[in-house]
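# Structural overview for review
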Amino acid sequence: MSEENTSENLLHLTLPHRPVEELRRSFHDYQAAIRTLRYLAQKALPPDDAAFEQKKQSLDKHLARLDKFQDSILQPLFHQLVKHEGS
Amino acid sequence: MDMIYHLDDDPLFLDQVKDIVAKSPLAARLKSFYDLAEFLESLNQSSEPAIILLDIYLDRPDTDGRTLVKQMRARFPRSFLIMCSDMQDISTVRECMARGADDFLFKGQDDKKLLERLLHADAEYARRRQQQNQTQKLQDLPNLAGRTAKDLCERIPRLLDSALSAIHVFGETGTGKEIVADIFAHLIGRNAPFLRVHCGAIPSALIESELFGHVKGAFTGAVSSKIGLFEKADGGWVFLDEVATLSPAAQISLLRVLENQELRPVGATASKRINVRVLSATNESLEELVDEGRFRRDLWQRLCEATIVLPPLRERMDEIEELVPFFCQTMRGGPYQISTAALEVLKQYPWQHGNIRELRNCLRAMTEHAYGGIISPSAIPKYIWTHAEPKHQVQVSSDHIALPLQKPLQYEQLKNQLLVALIRHCHAEMGYMTLRQLAKTLDIPRSTLSNKLRSLVKDAWIGSEELRIMVNTQAEGKG
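Residues numbered from 1 in each chain as written. Chains lettered and ligands numbered in written order. Predicted model: local features only at pLDDT ≥ 70, side-chain atom pairs only at ≥ 80, totals over all residues. Heavy atoms only, no water.

### Examining the packing of aromatic side chains
All names here are of chain B. Using the criterion set out here, one finds 10 aromatic pairs over all chains in the structure. Ring geometry for Tyr5 and Phe39: centres 6.1 Å apart, planes at 70 degrees, overall edge-to-face. Taken together, the residues span a long stretch of sequence, with Tyr5 in strand β1 (residues 3-7) and Phe39 in helix α2 (residues 36-45) at a distance of 34 residues. Accessibility classification places Tyr5 together with Phe39 in one group, the buried group. (Phe/Tyr/Trp six-rings, centres within 6.5 Å; stacked < 30°, edge-to-face > 60°. Helix = DSSP H or I, 4+ residues; strand = E, 2+ residues; numbered from the N terminus. Buried < 20%, exposed > 50% of the residue type's maximum accessible area, 1.4 Å probe, protein only.)

Written as structure tokens, this is what we have:
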């Protein structure tokens, strides 16, 4: 059995069937939520805070990890789901 | 002031864009809208926005950004339309572009990238507005007709916007070099100076002083300092007409100005920095003059960064069909109409001595004989008939009648042309004729001939004056 087939079977096993448009809308809403949280988190850091630099570095680090997770896992998974449901 | 309109159902993204614009060098004013009705109401009351930002998925059951973008594009064709979304997939982007959007903005990008897109949009809107202004200006420009002039109207704005600092116009006399200068002057408008000088009209001893100025006492008669044409045109353009007539000394000075953007007035000890672009024109090929040693090669190369070649009229005879009616419409005492037969004859003349100017002057002369406002072949001067190319000319000889063969003729046209040719032939053979004599010669019933002559005059196949000279139509009743 090829690796691709295994992955497809795994999707079948773990996720219920959803219409493509619903998947797209969900992913859109997730990305909007992350963007909003990112913006609010950045705004919530007062520049006059004594530990501003450390806190900003920490936030940037977390946001970068979030980006990495999204780009390497969520985005490909979403595309695979859409492809799978559309086929 | 330019406006940016932003519609989004996410107040936090509206705030984010507000922050970005506030910290940016953008001069445009941002108006943010959460409510669609308010957005449309505000647009109704304002002039064209520079940029419109539309969210794709608005949290409403009816209208979303995709529906709106089509309306906005139809209403504001120059505005820069940006669709925004948290989804970034090819199909969404493609759909937005197909509906008339100019750009797609992924909301999740960082602020720096969002600002880059807004700056790009602002620059693109400014470019569109400038282009529109230039098009409008060209539409306002009078005295333009023909394919070549229209091509120039497309090319000259590009030349003006380019980095070129010297453009040369080459064309025989009367091909429209002055018109090119007029288009430049019109497009430049009042933004910068555009000064003209006819190099051939200024004595060679004075040309350097005219172009570059002089200081007091530089030569006998220089009682005060004078600012030269190039200094006056600083920041703009100088049009050097007939540049080939410049003396060798003036050529060297001009080369120095073009090379270094520096000029030294006659008699001065110091140079001045200037920023001048040059439009030059000649009716002689500068390349040939260089080969003959009458013009400096380095100056020729410097002047011809770009060249506009105006072909002689004989190489674009198809334009006569546009030019002649245009001149007839705009000529004093007009508008005049020209008969098809007269136009055909004008198309056979080579116009090699004055091109379009010669054609215009010839038409002016022909209006003297335009009876009833119609210019017929009888108004055409004799030299045109003499020099019109014989192979196309309506010719009558004792052996045959040659007709224009360059395009297929309708049967009725052919009959009319034949009849006119036959009348002229009979007149050449017999002199002044009565209607009866002509009818007998042509073997046509007199009444038929009389009707036919009337229709020939009415349809402008022949001028009534010309016909009167050849045939006594009044003698019809006397038989």
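### Quick notes on the interface of chain B and chain A
Bring the parts together and some accessible area is lost; that lost area is often taken as the interface size. Facing the 17 residues of chain B at the interface are 12 residues of chain A. Between chain B and chain A the total buried area reaches about 1,400 Å² when both faces are included, carbon and sulfur atoms providing 49% of it. For the interface between chain B and chain A, the tally reads 3 salt bridges. The partner of Asp10 of chain B in a salt bridge is Arg35 of chain A, with the nearest N and O atoms 2.9 Å apart. Linking chain B with chain A are 5 residue pairs in polar contact (both at pLDDT 80 or more), by the criterion used here. Sorting the residues of the side of chain B that touches chain A by element identifies α1 (11-23) and α4 (90-98) of chain B as the ones contributing at least two each. Considering only residue class, the side of chain B that touches chain A consists of 5 nonpolar, 5 polar and 7 charged. (Contact = heavy atoms within 4.5 Å. Buried area = accessible area lost by both parts, 1.4 Å probe. Salt bridge = Lys/Arg side-chain N within 4 Å of Asp/Glu carboxyl O. Polar contact = N/O pair within 3.5 Å; in protein donor to acceptor, adjacent residues only side chain to side chain. Nonpolar A, V, L, I, M, F, W, Y, C, P; charged D, E, K, R; others polar.)

### Focus: the pattern of salt bridges
Residues and elements named next belong to chain B. Evaluation of the coordinates by the stated rule reveals 35 salt bridges over all chains. Measuring nitrogen to oxygen at the nearest pair gives 3.6 Å for the salt bridge that ties Arg273 to Glu262. Linking Arg273 in strand β12 (residues 272-273) with Glu262 in strand β11 (residues 262-263), this pair joins segments that are 11 residues apart in sequence. Here Arg273 falls in the exposed class, since its relative accessible area comes to 58%. Residue Lys347 is joined to Glu321 by a salt bridge in which the shortest nitrogen-to-oxygen separation is 2.4 Å. Taken together, the residues Lys347 in helix α14 (residues 340-348) and Glu321 in helix α13 (residues 320-330) connect sequence positions 26 residues apart. Each of Arg73, Asp102, Glu124, Arg127 and Arg128 takes part in salt bridges that share partners, so that together they form one network.

### Notes on unusual backbone geometry
Residue and element names in this part refer to chain B. Located in the positive-phi region is Gln261, a residue other than glycine, with phi close to 50 degrees. Within the secondary structure, Gln261 sits in the loop between α10 (248-260) and β11. Here the phi dihedral of Trp351 falls at roughly 50 degrees; this positive angle occurs in a residue that is not glycine. Position of Trp351 relative to the elements: it lies in the loop between α14 and α15 (355-366). For Trp351, a relative accessible area of 0% puts it in the buried group.

### Focus on the packing of α13 of chain B against α14 of chain B
All names here are of chain B. Where α13 meets α14, the closest approach of the two axes is 11 Å, and the angle between their N-to-C directions is 120 degrees. One way to sum up the angle between α13 and α14 is to call them oblique. You can see that α13 and α14 cross each other, and the crossing is right-handed. Where α13 approaches α14, its residues Ile320, Glu321 and Val324 are matched on the opposing element by Leu343, Leu346 and Lys347. Across the contact of α13 with α14, the residue classes break down as 4 nonpolar, no polar and 2 charged. (Axes fitted to C-alpha atoms, helices over the stretch in contact; angles between N-to-C directions. Parallel < 35°, antiparallel > 145°, perpendicular 65-115°, else oblique. Left-handed = near helix turned anticlockwise from the far one by under 90°.)

### Focus: the sheet that holds strand β2 (residues 29-33) of chain B
Residues and elements named next belong to chain B. The strand order across the open sheet formed by 5 strands is β2-β1-β3-β4-β5, and the pairing between neighbours is parallel. What marks the edges here is a single partner per strand, and that holds for β2 and β5 (103-106). The average undirected angle you get between the axes of adjacent strands in this sheet is 20 degrees. Judged from the 4 bridges that link them, β1 and strand β3 (residues 51-55) form a sheet pairing that is parallel. Counted as the bridge partner of His6 is Leu53 from β3. (Pairing = 2+ DSSP bridges.)

### Considering the sheet that holds strand β13 (residues 277-282) of chain B
Residues and elements named next belong to chain B. With respect to topology, 5 strands assemble into an open sheet ordered β7-β10-β13-β6-β14, the strand pairing being parallel. Two strands close off the open sheet at either side, each with one partner strand: β7 (194-198) and β14 (306-310). On average, adjacent strands in this sheet sit at an angle of 15 degrees to one another, irrespective of strand direction. Bridge count between strand β6 (residues 166-171) and β13: 5 bridges; the pairing is parallel. Of the residues in β13, the one forming a bridge with His168 is Ser280. Strands in contact with helix α6 (residues 147-161) are β6, β10 (237-241), β13 and β14; relative to β14, the strand with the most contacts, it is inclined by about 170 degrees.

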